[in-house]
Each structure stands twice: as structure tokens, then as C-alpha cells.
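# Summary of the model geometry
Spelled out, the chains give:
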Amino acid sequence: MCGIVGIISKHDVVEKIVSGLEMLEYRGYDSAGVAVIDQDGVIDRVRAVGKLQNLKSALNDQPIKGFIGIGHTRWATHGKATVANSHPILSKTVCVVHNGIIENCKELKFELQKDGYQFLTDTDTEVVAHLLQQQLDRGKSPREAFRYMLATVSGTYAFAVLFESSPHTLFVARRRSPLVLGFGEDICVASDTTALSGLSQEVIYLDDNEYAEISLSSVEIFNGNYELIKKDKVPIPESTIHTGKGGYDYYMLKEIMEQGSTLRHTMQHLSIPDNLFDDVSRILILACGTSYYAGMTARYWFEEYLHIPTDVEIASEYRYRKAIVQPNTLVVVITQSGETIDTLEALDYVRSNYNCRVLAISNVKNSAVSRMADYILYTDTGTEVGVASTKTFTAQLAVLASMAVHNNEFLLRELRNMPLLIEEVLSMQAQIKSLASSIVDVNSVLFLGRSSLYPIALEGALKLKEVSYIHAEGFAAGEIKHGPIALIDDTVPVICLCPYDSMFEKMSSNIQVALARGKRMLILTDAEGATRLPGEITKLIVPSVHPVFSALLYVVPLQMLAYYTALMRGNDVDKPRNLAKSVTVE
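Residues numbered from 1 in each chain as written. Predicted model: local features only at pLDDT ≥ 70, side-chain atom pairs only at ≥ 80, totals over all residues. Heavy atoms only, no water.

## Thoughts on the sheet that holds strand 12 (residues 210–214)
- Spatially, 5-6-7-8-12-13-14 is the arrangement adopted by the seven strands of the open sheet, whose pairing is antiparallel. Every interior strand has two partners, whereas the edge strands, strand 5 (89–91) and strand 14 (228–229), have only one.
- In terms of strand pairing, strand 7 (residues 155–163) meets strand 8 (residues 170–175) through five bridges, oriented antiparallel. Pairing of Leu162 across the sheet is with Leu170, part of strand 8. (Pairing = 2+ DSSP bridges. Helix = DSSP H or I, 4+ residues; strand = E, 2+ residues; numbered from the N terminus.)

Right, here's the structure in full:
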């Protein structure tokens, strides 16, 4: 989580830092702050709790100016969202912004307190600031202090540090948290390339355990042994250039409505490696959150069309249970950002203990996962700003479906027709908005699905709870008799995914069971299914689709339903409470 921006320029950097933070606010919006070294060589900073607009107001009241500065938008880990806990964190003549977790902060804090350093925040980052200051107080140079700190702290981090004693140099480092250097008129650093749109034309991606000392006249990059290394600049990817809301009120709706075009783009640029499944006897999918549900959906496809046993694991749990990877396993990791810490750690576990091939599916070029994988398939949807994943989820499904049916020309043609069907659903916006009004005041919603629509029920429930804050649960429809049916009464809407396919009769039976215990039901079905279901049930009739790809179609109205429900409840759908777009801390 959290977003970092740092800039060195011949001109004032404050406005540019704030603009960069706007591009990163989806990483965290508990608080934000900016610090600069002013014309007197003194660190000056302004911080504010809440969204970035509050920082802008604070800067209007207390303007600061400098040619070198750092900024931060925070998702709180250690310590509540208060001004004191907001970054940048200061210790006399040192200022730090940090994304990650310092795992030995308690031990370091104890030693620093014994040495007389007073702690004014609840953050783990403050130990970094005081540790750097301690080394300066002992006569060390900024370079020596920074290297000592890197050798002393454990955990994950992206750092950007200002030293008053080195007023023209920015010190940055990363370990398991993304950081990229940008080059244009100014020299920049940011958590991802989105923040560099309009500021930089070329970038350098730092790898784990690398650090850099940056000034307008030079950029020196060092490896984990503090040896000077050379890294090539690459053009900033077009897919990360921020295009704004495009006339929509919220990014989430813009990104929902883009799904026809983003699917076309993804499939046009997709090429499945010819040897991908050679000698593969098992597939292991590792992912978190929405990406995990994409993996669950793919399991149905892989086993039916590739005839390869497939396991799907929650990455955040996987490496802690001493899992066993069988020989000839293809490991598939799915991560929208390519930097999801739980997924990277699970992949590290597999790489460290087993010899197997790895395929990564990501939306971000040159992300950490792309450097760890043997194969990389991109979803190519452009930047997804809304915290709740929409267009990247359907693109992930399209990539996974393409893998499953890559040798079946008929199904590939059906898959290439999906954008048109999705655009038909998107044209039903007014009808879905009306349905949202019927659930806006409820306390709980149940979603039911079978086969590959079971993970879509889970995803529908996740979307609703993410942005509307209504409690929602997804279930395999056949499981409701094993406990969840106790939740159904006349106050609990039940949303069922029921296309006319091989599971229709079973799903119809589940619907009758639920209907006997509650009256609030919404059925998503097609024209044929609608004629075979009770007339009194509310239905949303979507286009008929090949059963293999129903998951791709049926998730779209659920996204839109969540969006309008949240909007009617007065929520900020782009920045739901307590959430951030990219999970880079465990």
C-alpha cells in the first residue's frame, strides 16, 4: 500500500509532488504529506489526515517551497490515521517516507530510546528516521548512515529520504516494495509509473535490495553489496499513462464501461507460448482477492479442456503451511499490480524449494513478478485506478480462458465474440441501476452460483461489500442446505446466477429451496432460462453465451450492481474505506 513520490528539479517541486500523489491516491488515503528542503537548507513539511484534498488545503494555509522534496499518501499499518503518524516522518535533520513494514522495529525502538531518542508517533517508520539521525549524530555521512540503516532494518520497504546535510541528494531503496526512477526535465522517484505520467519519459525499475543516490547531476545505483551498478533506462509504458475519468463521475464506472475494448485489446496482443503445457502433469494457481477468484474459475476450464489437475491456493496462506509442489507442475501466479507481496512471497517459496516453471499474469509491465517468472502474459487493460478490480478481472479471465482453449478454434472464436456480448450487458445500465435501488437499504445479501459461476458469486459478493459496505457472501448453490440456508428470510436478498446450461435444473432446484424461505430474489439468466423460472421472481435477462464463458459475462452486471448500490448509499466507490489498490505489505 501507500504511495511515494520524490522529485529533484531546478524549480519548486511541491505542486508536482502533489500531482504525483493524486495518481497514487488509490494506494492509500488515510493521510498524506509533503516535505522539502527549503532555500535555507531546512526541512519543511505539511501533513493532513484523510484524502489528498485535505493536504491541498493545508498547503494553501501553510505554503512550502523547495527544489527537492518527497511526498506520501498513507494506508495505515502501524498506528492510526493521525497527523502525528502521517508521513513524511522527521527526526531533527532527517525526513523519511516509507512503504512496507519494519519487522524489527520494537527491538530498534528499545535501543534508540536507551540512546535518548524520543518517539512521537506510533509508526514503525519512526525507527528508521531516528536510526539515520543517530548515525549522523555519531559523525557518519548521509551515505554511511543510509547504508547502516539498510543493513540494520529487517522487513519490507521502499524508502525515500532527505538529509539536511545533503540538500541536493535524494536517497532511495527498495526491498519487496516497488520503486521506480523517472527521467525527464526533473529526476523523480515513485511507487509506480502511474505517478510519473507527464513528468518522465524514461524509467529505471529498482530491484530488491538496490538503492540509489539521486541528484540533478548524477544517479548512482548500488546493489545489496553496495557495489555501483549500471541499469538501462526504458521508455515509460504507454499502458501506465493516466487518461483521467473520461467524462465519468468515477473511475470505477469508467473501467466497468471499458471492458469491451479492454478485452479486445488483451486478446489481440495475447500469445500463448507453444510449449507452455509440455510435460505438465499439474497446475498450481497462486493469487489473492479478486485474482484468486479468477484462478478458481480457471480451474474448471483447465481441468475440462486441458485435462490437467489444477489446484488454486490463496497466496497469503500458501507458504506458511509447508506446501508440497509435485514434479512437472506449472505454477501460475495472478496479480493485477505484479507487486502483490503475498503472491510474490508464495512464489519465492516455490522457487526456493522446487524446480518448476512459472507463468505470471499481470496488468503492469516490468513489475516484480515479470522478473521472477519464466513466462509473462499481460492483461493490457491500461491503468486501473478504482480500488475495486473490474476490467482487470475480466481480462484475467480472458487470458486464463485463452490458455485453456488455445487448441480449440471454435471456442477461441466464441471467446473473441465476448466483447460484443459484454457491451450488450453494459447497455442495460438503467435496468441494473433500478435493481440496485431494491437492495440499497439491506444489511446482508447472498450470492449463489454453480460450476464456474460459483467463483463469480464469490466475486459478486466481494464487489458489493468492498464498495457498498453491505455484508455479502457467495456460496456454491448446492451448499446452502449445509448451513447458509439459515441466513435466508424475507429481509435477505438472494442473487442467483442461473444461465440455461447443464447445471440449470440443479440451480432451479436451489432457487426453489431459497424461494420457500425468503421472498427477495434476483435471478441473472438468459432468455431461455427466464421462460423456465417462476414468473414472480425478479430477473435480469442477459445475452445467451457459450457455457464455457458465462463467467466472463455474468460478472459484469454484478460489478454494475455493486457500483450503483454504493453510489446510492453515498459512498466514494473509487476509494472505499480501509482499502488500497495494491497490497504491498503482509
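## As for the sheet that holds strand 25 (residues 538–541)
- Pairing within the open sheet is parallel, and its five strands lie in the order 22-21-23-24-25. The strands lining the two open edges of the sheet, one partner per strand, are strand 22 (471–476) and strand 25. The sheet shows a mean angle of 20° between the axes of neighbouring strands, taken without regard to direction.
- With six bridges joining them, strand 21 (residues 444–449) and strand 22 adopt parallel strand pairing. Looking at strand 22, one finds that Leu448 is bridged to Phe475.
- Across the sheet, helix 17 (residues 504–515) is in contact with strand 21, strand 23 (494–497) and strand 24 (521–525); its angle to strand 24 comes to roughly 170°.
- Running at roughly 140° to strand 24, helix 19 (residues 550–568) makes contact with strand 21, strand 23, strand 24 and strand 25 of the sheet. (Axes fitted to C-alpha atoms, helices over the stretch in contact; angles between N-to-C directions. Contact = heavy atoms within 4.5 Å.)

## Focus: the packing of aromatic side chains
- Counted by the stated rule, this structure contains eleven aromatic pairs.
- With a centroid separation of 5.4 Å and an interplanar angle of 50°, the aromatic rings of Phe146 and Tyr211 are classed as tilted. Of the two residues, Phe146 is situated in helix 5 (residues 142–152) and Tyr211 in strand 12; the sequence distance between them amounts to 65 residues. We note that Phe146, like Tyr211, is buried.
- Taking 6.1 Å as the distance between ring centres and 75° as the angle between the ring planes, the aromatic pair formed by Tyr211 and Tyr226 counts as edge-to-face. Note that Tyr211 is positioned in strand 12 and Tyr226 in the loop between strand 13 (219–222) and strand 14, a separation of 15 residues in sequence.
- Owing to a relative accessible area of 1%, Tyr211 belongs among the buried residues under this scheme. (Phe/Tyr/Trp six-rings, centres within 6.5 Å; stacked < 30°, edge-to-face > 60°. Buried < 20%, exposed > 50% of the residue type's maximum accessible area, 1.4 Å probe, protein only.)

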